[in-house]
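# Observations on the three-dimensional arrangement
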Amino acid sequence: LERVSVPGRGEVLAAYTPVSIPGLNWVLIAQIDAAEAFEPVAEMGRRFIALGLLVSALFLLAGSGFARSITGPILALVQRAEQLGRGNFRARIEVSSSDEIGRLAGAFNRMAEELERTTVSKAYLDDLLESMINAVLVVDILPGGSGRVRTGNRAAQELLGYSAAELSGMRASELVRREGEGRDWLREVLAHGRLPAAEVDLVAAGGRTIPALFTAARVTHDQLDSHSVVCVAQDITARKVAEDALRALTGRLLSAQEEERARLARELHDDVTQRLAVVAMKAGQISRSAPAEAEELQGRLRALKDEIAALSTDIHGLSRRLHPAMLHDLGL
């Protein structure tokens, strides 16, 4: 059996053998196309390959499903753990089995619930700051003792007229000013840890100043090894206006009171004492016209004149005390 190439037919399988017939020198040749001869073998090979591919695909599908059943909960656990690390204490894992992975997911959910119950999240603090009526500024301490604003809540932005982006990075000394020498509020906070309520001027957009009641306290982040100062400011413009009005009213009341005292002093000096002088003169006339032998009457009249003179002197003194002459020269 040989595999030969025949012109016009291609490759064939050929077999030949001599014919044992006396007198004949014949050879018997049998041929078949190679493709036709090997077709059953090729078909069987194709079937084996297809069966192998099918079995491999089934194994791959089964392995993939098994891998997903194991790695899926683990990846979900990793993702929820990352969310928990970022402060999302509401992260939960769906427990769909009772095996070790399911028990691990249940333990994670219980831990997240406990953290949510006992821990105040950053988002909660941010919402709390945003909801505060008073202006709140967070200032980061820089080397050398200076400070820059990290953030300000909505009330601070509305009060100062700056956006959150404009506030971020501004120098604290540009925003908060305290009058008087040695009144560096930031250094006082760094030295004592806090600043009790103090009156300061807030410099708003456009350079306008806003009087405010100001408190500050230092916050230390041990993990970040940095220092921040939380400042709370309350606008007291209305209170300042009321205080100015009260001072003006007090001044007017004092002026009115002093005017009334001056009027009383003038009346005592110009009217009452003059009338007493007239009474004293009449008493003197009566004393001179009385009979010389009426000594008792003369004595009473002299005593009356003396009392009138003493009363006049007392009224003069009262007039000077009510409105001293110095007030005419220097004013109240």
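Residues numbered from 1 in each chain as written. Predicted model: local features only at pLDDT ≥ 70, side-chain atom pairs only at ≥ 80, totals over all residues. Heavy atoms only, no water.

### So, the overall build of the protein chain
Looking only at helices and strands, the protein chain has 10 helices and 9 strands in total. Counting the 332 residues in the protein chain, one finds 24% classified as buried. Here the contacts in the protein chain between residues at least 6 apart in sequence split such that 43% fall between residues at least 24 apart. Summed over all atoms, the accessible surface of the protein chain reaches about 23200 Å², with 59% contributed by carbon and sulfur. (Helix = DSSP H or I, 4+ residues; strand = E, 2+ residues; numbered from the N terminus. Buried < 20%, exposed > 50% of the residue type's maximum accessible area, 1.4 Å probe, protein only. Contact = heavy atoms within 4.5 Å. Areas by Shrake-Rupley, 256 points an atom, 1.4 Å probe, with all protein chains shown as cover.)

### Observations concerning the sheet that holds strand S1 (residues 2-6)
Taken in spatial order, the 3 strands line up as S1-S2-S3 in an open sheet, and their pairing is antiparallel. In the strand order of this sheet, the two ends are held by S1 and strand S3 (27-33), each with one partner. Here the average twist between neighbouring strands, direction ignored, is 40°. (Pairing = 2+ DSSP bridges. Axes fitted to C-alpha atoms, helices over the stretch in contact; angles between N-to-C directions.)

### Considerations on the nonpolar core
Judged by nonpolar contacts, the single largest core of 28 residues is most densely connected at Leu 175, Trp 185, Leu 202, Phe 214 and Val 229. Sorting the residues of this core by element identifies strand S4 (135-141), helix H4 (154-160), helix H6 (172-175), helix H7 (185-192), strand S7 (194-203), strand S8 (209-221) and strand S9 (226-235) as the ones contributing at least two each. Within the second largest apolar cluster, 6 residues are counted, among which are Leu 276, Ile 308, Ile 315 and Leu 322. (Core = buried A, V, L, I, M, F, W, Y, C linked by side-chain atoms within 4.5 Å.)

### Quick notes on helix H9 (residues 295-322)
Its 28 residues give H9 an end-to-end C-alpha distance of 41 Å, which sits within 8% of 40 Å, the value for a rise of 1.5 Å per residue. Along H9, the residues classified as buried are Gln 298, Leu 301, Ile 308, Ser 312, Ile 315, Gly 317, Ser 319 and Leu 322. Summarising the contacts, the buried residues of H9 are in contact with helix H8 (237-289). (Expected span 1.5 Å × (residues − 1).)

### Concerning H7
When H7 is considered as a whole, its buried residues turn out to be Trp 185, Leu 186 and Val 189. With its buried residues spanning 105° around the axis, H7 presents them on a single face. For H7, the exposed residues lying more than 90 degrees away from the buried face are Arg 187, Ala 191 and His 192. By the N-cap criterion, in which a side-chain oxygen at the helix start approaches the backbone nitrogen of a residue two or three places on, H7 is capped by Asp 184, the distance to Leu 186 being 3.2 Å. With its phi angle positive at about 90°, Gly 193 sits one or two positions after the end of H7. (Arc of directions from axis to C-beta. Polar contact = N/O pair within 3.5 Å; in protein donor to acceptor, adjacent residues only side chain to side chain.)

### Considering the pattern of salt bridges
Tallied over the entire structure, the rule returns 10 salt bridges. With a shortest N-O distance of 2.7 Å, Asp 140 and Arg 150 are connected by a salt bridge. Of this pair, Asp 140 sits in strand S4 while Arg 150 is found in strand S5 (residues 147-152), placing the two residues 10 residues apart along the sequence. Taking the relative accessible area as the measure of exposure, Asp 140 reaches 23% and is therefore partly exposed. Across the pair Lys 240 and Glu 199 runs a salt bridge, and its minimum N-O distance is 2.7 Å. With Lys 240 in helix H8 and Glu 199 in strand S7, the pair connects residues that are 41 residues apart, well separated along the chain. We classify Lys 240 as partly exposed; its relative accessible area is 26%. Of the residues examined, Glu 199 reaches a relative accessible area of 40% and is grouped as partly exposed. What emerges from the salt-bridge pattern is a single network uniting Glu 199, Arg 239, Lys 240 and Glu 243. (Salt bridge = Lys/Arg side-chain N within 4 Å of Asp/Glu carboxyl O.)

### Concerning a nonpolar patch on the surface
On the surface, a cluster of nonpolar side chains totalling about 630 Å² of accessible area is made up of Leu 51, Leu 54, Val 55, Leu 58, Phe 59 and Leu 61. Along the polypeptide, Val 55 turns up in helix H1 (residues 34-85). (Patch = residues over 30% accessible without salt bridge, like charges linked within 9 Å, V, L, I, M, F, W, Y side chains within 5 Å.)

### Comments concerning the environment of Glu 11
The residue Glu 11 is located in strand S2 (residues 10-18) in this model. The partly exposed category is assigned to Glu 11, whose relative accessible area is 45%. Note: C-alpha distance between Glu 11 and Ile 32 (21 residues apart in sequence) is 8.9 Å. The residues touching Glu 11, leaving out its near neighbours within four places in the chain, are Arg 3, Val 4, Ser 5, Asp 33 and Ala 34.

### Thoughts on the packing of H8 against H9
Direction vectors running N to C along H8 and H9 enclose 165°, while the axes themselves pass 9 Å from each other. Here H9 runs roughly antiparallel to H8, going by the angle between their axes. Seen along the crossing, H8 lies across H9 with a hand that is left-handed. Looking at the contact of H8 with H9, its residues break down into 16 nonpolar, 8 polar and 4 charged. (Parallel < 35°, antiparallel > 145°, perpendicular 65-115°, else oblique. Left-handed = near helix turned anticlockwise from the far one by under 90°. Nonpolar A, V, L, I, M, F, W, Y, C, P; charged D, E, K, R; others polar.)

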